[in-house]
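One letter stands for each residue in the lines below.
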Amino acid sequence: MNKPFSQSCENNKKPILSVIESLWTGSAEILEIGSGTGQHAVYFAAHLPHLHWQPSDRGVMIEGMHMWFDEAGLSNIRPPQILDVELDPWPVTRFDGVFTANTLHIMSWNHVQLLFHRLGTYLPPGGLFVCYGPFNRGGQYSSESNARFDQWLKRQDPVSAIRDIDDLEQLAVKQEIELESNVDMPANNRILVWKKSPVAGIQF
Ligand SMILES: C[S@@+](CC[C@H](N)C(=O)[O-])C[C@H]1O[C@@H](n2cnc3c(N)ncnc32)[C@H](O)[C@@H]1O
């Protein structure tokens, strides 16, 4: 097997780092969902040595990302875990925050719903869920190129689609999770920073 490579990871890793470096400033365990090639994990773990980075993805992706991790030799990357968001329970349940890039428009809407449901269970009070990718708002595409990308996605797999932030907020609120910030990124992408209520689960 050749080492997998994603050009888009190379293009977006720096702008993403410039946002997440101010979100997770102290020692923390970060679960990445849908790590893909593993390039983001290597770059973020190298630049944010105070974090422990836990990569994960569906089983078929694990061998490829191992090649990146073996080469990088970083002690703050945990061994990658097979984690499909539909698993119940998840194989990793102890973390302080969650990162994912370019996954919500790939997985089915049912899986997006399960992801938020699991975050309701596992994300600790006050924990952040940081989500990079293209998103719609109020049923509108943010650009012509995103509209074309959405059509392309649906031709690849009818369950894939750019998600609407309004729909995601409806899922989040049921899990005591709020959209804390919505950051404009290059190439018509965004970073959505979601925060679990610091008093989630506490009965008053
Ligand atoms: C477009 S790739 C993005 C990979 C990487 N995060 C990046 O930014 O390059 C989408 C990733 O989501 C993963 N994925 C799709 N459905 C998933 C699910 N149900 N649970 C976990 N990961 C999933 C895929 O295996 C794939 O690695």
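Quick note: structure is the one above.
Figured I'd write up the structure that's included with this text.

Cut-offs applied
Residues numbered from 1 in each chain as written. Predicted model: local features only at pLDDT ≥ 70, side-chain atom pairs only at ≥ 80, totals over all residues. Heavy atoms only, no water. Core = buried A, V, L, I, M, F, W, Y, C linked by side-chain atoms within 4.5 Å. Buried < 20%, exposed > 50% of the residue type's maximum accessible area, 1.4 Å probe, protein only. Helix = DSSP H or I, 4+ residues; strand = E, 2+ residues; numbered from the N terminus. Contact = heavy atoms within 4.5 Å. Axes fitted to C-alpha atoms, helices over the stretch in contact; angles between N-to-C directions. Parallel < 35°, antiparallel > 145°, perpendicular 65-115°, else oblique. Nonpolar A, V, L, I, M, F, W, Y, C, P; charged D, E, K, R; others polar. 1 Å grid on protein atoms, 1.4 Å probe; cavity = no way out; pocket = protein on both sides within 12 Å on 5 of 7 lines; lining within 4 Å. Points joined across faces, edges and corners; volume = space filled by probe spheres on them.

### Details of the nonpolar core
Counting 28 residues, the largest nonpolar core has Ile 20, Phe 44, Trp 53 and Phe 99 as its most contacted members. For this core, the secondary structure elements donating two or more residues are helix 1 (7-20), strand 1 (28-33), helix 2 (39-47), strand 2 (51-54), helix 3 (62-72), strand 5 (97-101), strand 6 (128-133) and strand 10 (189-196). A total of five residues in this core trace back to one element, the largest contributor, which is helix 2. Those residues in contact with Phe 99 that lie beyond four places of it in its chain are Ile 16, Ile 20, Trp 24, Ile 30, Leu 31, Glu 32, Ile 33, His 40, Phe 44, Trp 53 and Val 130. Listed in part, the 27 residues of the second largest apolar core include Trp 90, Leu 171, Ala 172 and Leu 192.

### Let's talk about the packing of helix 2 against helix 3
Look at helix 2 against helix 3: their axes get within 9 Å of each other, and the N-to-C directions meet at 25 degrees. The angle between helix 2 and helix 3 falls in the class roughly parallel. Between helix 2 and helix 3, the contacting residues are Gln 39, Ala 41 and Val 42 on the first element and Trp 68, Phe 69 and Ala 72 on the second. Grouping the constituent residues of the contact of helix 2 with helix 3 by class yields five nonpolar, one polar and no charged.

### Considerations on the layout of surface pockets
Within this model, the largest pocket holds a volume of roughly 600 Å³. Along its surface, the largest pocket is lined by 26 residues, and Gly 34, Asp 57, Asn 102, Thr 103 and Ile 106 are the ones closest to its centre. For the lining of the largest pocket, the class distribution of residues is nine nonpolar, 12 polar and five charged.

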